[in-house]
Amino acid sequence: MTFLRKLVLSFSLLTFCFIAPTHAEKADQNKPVILEAEKVSVNDVQQIYELDGQVLLTKGSILITGEKGNIKVDPEGYEYVDVQGNPESTASFRQRREGPANEFMQGRGQTVTYNAKTELLTLTGDASLKRLHNMQMLDQLRGWKIDYDDVQQSYKVSPPANAKAEDLPLARAILSPRRKATLEK
């Protein structure tokens, strides 16, 4: 196996699983979606919403910002959100977590994609994701693409598909030690 292939494979499989029983705030599932943008286009029949200019999406503790966005709602009522930044600013995501008070997931990237049904967050393009407790960073990931699966409590950092050996490493993680107090309910 070539050096490039080994590096790309190792970064593609870079997954950090957490035992802590904290998940996204479940109350968010039953909250209304509040949309703000300079321009909003609504197709109520197909349940598609297009947003343009200073996009702000709020659903409970979830806050997503960017420059352009699309939201699709499936027949079961789950939202699929895709928000892009622009060359001057990135798109961002923030959500309070269940469990310890004042714990948040906060991320940014050129594109933020959130699937409410599977609770999968994907940040693409110079992406970063932090887990914060009382506004202090516990964990931080950086890379080209970050997938955060809230159900499985796992992170995955991946390089671009066309990454070259000289471009790697493109992923970085800082993980705080888990203490017994944070593992208990």
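Structure report, in brief. As the structure is a computational prediction, the values presented were derived from the model and not from experiment.

A short note on the overall build of the protein chain
Working step 1: When helices and strands are tallied, the protein chain shows two helices and 13 strands.
Working step 2: Residue burial in the protein chain is summarised as follows: out of 185 residues, 38% are buried.
Working step 3: Summarising the internal contacts of the protein chain: among those between residues at least 6 apart in sequence, 51% fall at separations of at least 24.
Working step 4: Approximately 10,500 Å² of the protein chain is accessible, and the part contributed by carbon and sulfur atoms is 53%.

Here we look at unusual backbone geometry
With the exception of glycine, the majority of residues adopt a negative phi angle, and the majority of peptide bonds are in the trans configuration.
Working step 1: Non-glycine residue glutamine 47 carries a positive phi angle of around 55°.
Working step 2: By the element assignment, glutamine 47 lies in the loop between strand S3 (39-43) and strand S4 (48-59).
Working step 3: Despite not being glycine, glutamine 54 has its phi angle at roughly 45°, a positive value.
Working step 4: The class of glutamine 54 is exposed, set by a relative accessible area of 58%.

Some words on the nonpolar core
Working step 1: If you look at the biggest cluster of nonpolar residues, it comprises 26 residues, and the most contacted ones within it are Ile64, Tyr114, Leu121 and Leu129.
Working step 2: When contributions to this core are tallied by element, the ones reaching two or more residues are S4, strand S5 (62-73), strand S6 (79-84), strand S7 (91-96), strand S9 (111-115), strand S10 (120-133), strand S11 (136-149) and strand S12 (154-158).

Notes on the packing of aromatic side chains
Working step 1: Considering all chains together, one arrives at two aromatic pairs under this definition.
Working step 2: With a centroid separation of 5.5 Å and 35° between ring planes, the pair formed by phenylalanine 93 and tyrosine 114 is classed as tilted. Residue phenylalanine 93 is found in strand S7, and its partner tyrosine 114 is found in strand S9; the two are separated by 21 residues along the sequence. Across the pair, tyrosine 114 and phenylalanine 93 agree in class, each one buried.
Working step 3: Relative to tyrosine 155, the ring of tyrosine 148 has its centre 5.2 Å away and its plane inclined at 35°; by these criteria the two rings are tilted. In this pair, the class of tyrosine 148 matches that of tyrosine 155, namely buried.
Working step 4: A cation over an aromatic ring shows up here: arginine 94 above the ring of phenylalanine 104, its NZ or CZ 3.9 Å from the ring centre.

With respect to the environment of aspartate 150
Working step 1: Mapping aspartate 150 onto the fold places it in the loop between S11 and S12.
Working step 2: Residue aspartate 150 is classed as buried on the basis of its relative accessible area of 3%.
Working step 3: For the pair formed by aspartate 150 and arginine 97, sequence separation is 53 residues and the distance between their alpha carbons is 9.5 Å.
Working step 4: At a separation of 2.8 Å, a polar atom in the side chain of aspartate 150 contacts the side chain of tyrosine 148.

Description of the pattern of salt bridges
Working step 1: Within this structure, the stated rule accounts for seven salt bridges.
Working step 2: In this structure, the salt-bridge partner of glutamate 79 is lysine 59, at a minimum N-O distance of 2.7 Å. In this pair, glutamate 79 sits in strand S6 while lysine 59 sits in strand S4, placing the two residues 20 residues apart along the sequence.
Working step 3: Glutamate 79 sits in the buried class, given a relative accessible area of 11%.

Observations concerning the pairing of S4
Working step 1: Relative to S4, strand S2 (residues 34-36) runs antiparallel, the two being bridged by three bridges. Looking across to S4, one finds that glutamate 36 is bridged to leucine 56.
Working step 2: Sheet topology places S3 next to S4; five bridges connect them, and they run antiparallel. Within S4, the residue paired with lysine 39 across the bridge is aspartate 52.

Comments concerning the side chain of threonine 122
Working step 1: Assignment of secondary structure puts threonine 122 in strand S10.
Working step 2: Classification of threonine 122 by relative accessible area gives buried; the value is 13%.
Working step 3: Separated by 2.7 Å, the side chains of threonine 122 and aspartate 147 make a polar contact.
Working step 4: With near-sequence residues (within four places) excluded, threonine 122 lies in contact with Thr111, Val112, Thr113, Lys145, Ile146 and Asp147.

Criteria and cut-off values
Residues numbered from 1 in each chain as written. Predicted model: local features only at pLDDT ≥ 70, side-chain atom pairs only at ≥ 80, totals over all residues. Heavy atoms only, no water. Helix = DSSP H or I, 4+ residues; strand = E, 2+ residues; numbered from the N terminus. Buried < 20%, exposed > 50% of the residue type's maximum accessible area, 1.4 Å probe, protein only. Contact = heavy atoms within 4.5 Å. Areas by Shrake-Rupley, 256 points an atom, 1.4 Å probe, with all protein chains shown as cover. Core = buried A, V, L, I, M, F, W, Y, C linked by side-chain atoms within 4.5 Å. Phe/Tyr/Trp six-rings, centres within 6.5 Å; stacked < 30°, edge-to-face > 60°. Lys NZ or Arg CZ within 6 Å of the ring centre and 35° of its normal. Polar contact = N/O pair within 3.5 Å; in protein donor to acceptor, adjacent residues only side chain to side chain. Salt bridge = Lys/Arg side-chain N within 4 Å of Asp/Glu carboxyl O. Pairing = 2+ DSSP bridges.

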